[in-house]
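Examination of the molecular architecture
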Amino acid sequence: MDEPSMPTPPAHSPGPPAPPIPLAELLASKDLGLRRIAGPADADLLWVHTSEMADPYPYLLGGELLLSAGVLLTDPDHYVARLVEAGAAALGFGVRPVHETVPEALIEACDRYGLPLLEVPPETPFTAIARAVWRLMAEARHRELRRVTRAQQALATAAARPDPVPAVLHQLAAQLSGRAVLLTGRGEEVHAAGRRPPPEAAAALARLARVVARERPGSPASATDTHAGTHLAAYALGGGEGLALALATRRREAGDHTVAGIAVVLLSLLAAPHQGADAADRSAALVRLLLGATPAEVAPLLGSPGPWTVIHARRSDGTTADALTAGALGASLGSALVDAGREGDDTVRVLLPSTAGEATREAVGGEAPARREVTPQPGGGEATAAREVPPQPGGGEEPPTPPQAPAVTPQPGWTLGVSTPTPLAALDSADLRAARALAHAEATRAPLTVDTPVTGLAALIPPDQAAAHARTLLAPLTPPLADTLRCWLSLHGSWDRTAVALAVHRNTVRQRIGRCAVLLGVDLNDMDVRTELWFALRQE
């Protein structure tokens, strides 16, 4: 007779697979009265199976605790050899009513072949052993599910950090107690976290990563290997331009593959370039620019005809952002147009298109929405009431809502300088204003500074006349002196903050401001002089 003592769990159960049960945990159940009398003490149990066949080999999957009373046991040596060949983890032998004691020949065979042999007392039914094993498996699975849940939460939190890719790798290495590396298809290290494996294992890990890197058709999505006791695994990142996640751990737990799978999904989203039509349009825009098209002609391919906002950003901790981290910043700001920095410059530049306003009318047969009018208080106080103005009768349409400037919010771990929305023709000046705003933000230790547009009384003067006056007034100043004066005035005459913003010594600032006063022939302590100079400098 050959039958499983309990139904096996479903093949595709959710969550990580049930971890194996150490034999020592089963022996620790005092109510079972089990006693190991032969073979090694270490074994991992995956199943429980009862069989009284003379050769149960064809019915074993491997990893079983086989329970038997030895009804058809005639050749213990051959019997144990076949169990070991089938991959059985241990043998539980029940004494009485067939055998009063465990046969000596069976004990000797288990010692010889290295198969753990347990003596099952008469008062312990085989079903009780099976029930205990499945209970231990359920407890282990519950622990593993909790571990995977905690790991998922930790990885998701890491993915929301300012440097998401290194943070996810660091958290993954901590969760698996090993090494986590992001590698290119050529085996080059992009980011890494955790203790370095031995050089031989590291080389084997790089080779494994090249196997899964999707630079050629037919590459597997994952691969595993073992090198000198170090467990290696590599996973291809979807859409990651041949990137692969490689892991090296000293041990391999049941839920490790699930935890690694969560990290693969997160890293694929963080490292993947924008795909589909957006990527095709950006590629087309680049080609057309290289072939002589003007920015105005290719702007619609980039998602908006304008205006555009230029953002300059630097890491708050002073480190240089890599391309993946800069791309994550762009994704947080809502743009794929990111310059990760130039040689010798750690500034990340993001080009943010305007967002189209909501349509004023439904596509078919809709009514124009009501307009909100704000009623000011008498005497120029703040508005306290608003009323809905219904659409005008007679079918008159409201003019389309113009594109709106995107609302830029502070980003954790970054210092941002933001220009005002600017037409394509003036992006170079917007780039300069964003750089000034970033310098101002760093000098004042603010997470974000927006370059404010010219408003109020200054906006009443025609721009051409204002620019002509500014050129005449500031003609004696060289560009470095004008930049220093502008920065010094924007920071309310603070020598230290101006020095920080310009990355020069405070004495250099004093010398330049003194030189400006001499060349302009003015007293910079006079508020009227400062106001006029600030007005002129704002025209540039």
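Every value quoted in this text rests on a predicted model; they were computed, and no experiment measured them. (Residues numbered from 1 in each chain as written. Predicted model: local features only at pLDDT ≥ 70, side-chain atom pairs only at ≥ 80, totals over all residues. Heavy atoms only, no water.)

Some remarks on helix α5 (residues 164–176)
Along its 13 residues, α5 runs 18 Å from first to last C-alpha, staying within 8% of the 18 Å computed at 1.5 Å per residue. Taken as a whole, α5 has its buried residues at Pro-164, Val-165, Ala-167, Val-168, Leu-169, Leu-172, Ala-173 and Leu-176. Tucked inside the fold, the buried residues of α5 contact α4 (126–159), β9 (178–183), β10 (189–193), β13 (244–249), α7 (256–271) and α10 (323–333). (Helix = DSSP H or I, 4+ residues; strand = E, 2+ residues; numbered from the N terminus. Expected span 1.5 Å × (residues − 1). Buried < 20%, exposed > 50% of the residue type's maximum accessible area, 1.4 Å probe, protein only. Contact = heavy atoms within 4.5 Å.)

Description of the sheet that holds strand β12 (residues 230–236)
The five strands lie next to each other as β10-β9-β13-β12-β11, forming an open sheet whose pairing is antiparallel. Lying at the two open borders of the sheet, with one neighbouring strand each, are β10 and β11 (222–227). The sheet shows a mean angle of 15 degrees between the axes of neighbouring strands, direction not considered. Examined bridge by bridge, β9 and β10 share four bridges and lie antiparallel to one another. Residue pairing for β10: Leu-183 is matched across the bridge by Glu-189. Taken strand by strand, α5 contacts β9, β10 and β13, and its axis lies near 150 degrees from that of β9. Helix α6 (residues 199–212) rests against β9, β11, β12 and β13 of the sheet, and its axis sits at about 25 degrees to β12. (Pairing = 2+ DSSP bridges. Axes fitted to C-alpha atoms, helices over the stretch in contact; angles between N-to-C directions.)

As for the packing of aromatic side chains
Applying the stated criterion to the full structure yields one aromatic pair. Relative to Trp-495, the ring of Trp-488 has its centre 5.4 Å away and its plane inclined at 35 degrees; by these criteria the two rings are tilted. One residue, Arg-82, lies across the ring of Tyr-57, its end atom 4.0 Å from the ring centre. The ring of Trp-414 carries the charged tip of Arg-315 above its face, separated from the ring centre by 5.4 Å. (Phe/Tyr/Trp six-rings, centres within 6.5 Å; stacked < 30°, edge-to-face > 60°. Lys NZ or Arg CZ within 6 Å of the ring centre and 35° of its normal.)

Quick look at a nonpolar patch on the surface
A cluster of nonpolar side chains, Val-71, Leu-72 and Val-98, forms an exposed patch at the surface whose accessible area comes to about 250 Å². In this structure Val-71 comes out as partly exposed when scored by relative accessible area, which is 47%. (Patch = residues over 30% accessible without salt bridge, like charges linked within 9 Å, V, L, I, M, F, W, Y side chains within 5 Å. Areas by Shrake-Rupley, 256 points an atom, 1.4 Å probe, with all protein chains shown as cover. Salt bridge = Lys/Arg side-chain N within 4 Å of Asp/Glu carboxyl O.)

Some points on the sheet that holds strand β16 (residues 348–353)
Here five strands make up an open sheet; going across it, the order is β15-β16-β14-β19-β20 and the pairing mixed. The open sheet has two edge strands with one neighbour each: β15 (338–339) and β20 (448–450). Relative to strand β19 (residues 414–418), strand β14 (residues 308–315) runs antiparallel, the two sharing five bridges. In the sheet register, Arg-314 faces β19, and the bridge partner there is Thr-415. The strands touched by α10 are β14, β15, β16 and β19; relative to β16, the strand with the most contacts, the crossing angle is about 25 degrees. Docked against the sheet, helix α11 (residues 427–444) engages β14, β16, β19 and β20, running at close to 35 degrees with respect to β14.

Some thoughts on unusual backbone geometry
Across the junction of Arg-96 and Pro-97, the peptide omega takes the value 10 degrees, indicating a cis bond. One non-glycine residue, Arg-445, lies in the positive phi region at around 60 degrees. If you trace the backbone, Arg-445 turns up in the loop between α11 and β20. Accessibility expressed as a relative area gives 80% for Arg-445, which makes it exposed. For His-492, which is not glycine, the phi dihedral falls at a positive 60 degrees. Along the chain, the position of His-492 falls in the loop between α13 (479–490) and α14 (495–502). Taking the relative accessible area as the measure of exposure, His-492 reaches 71% and is therefore exposed.

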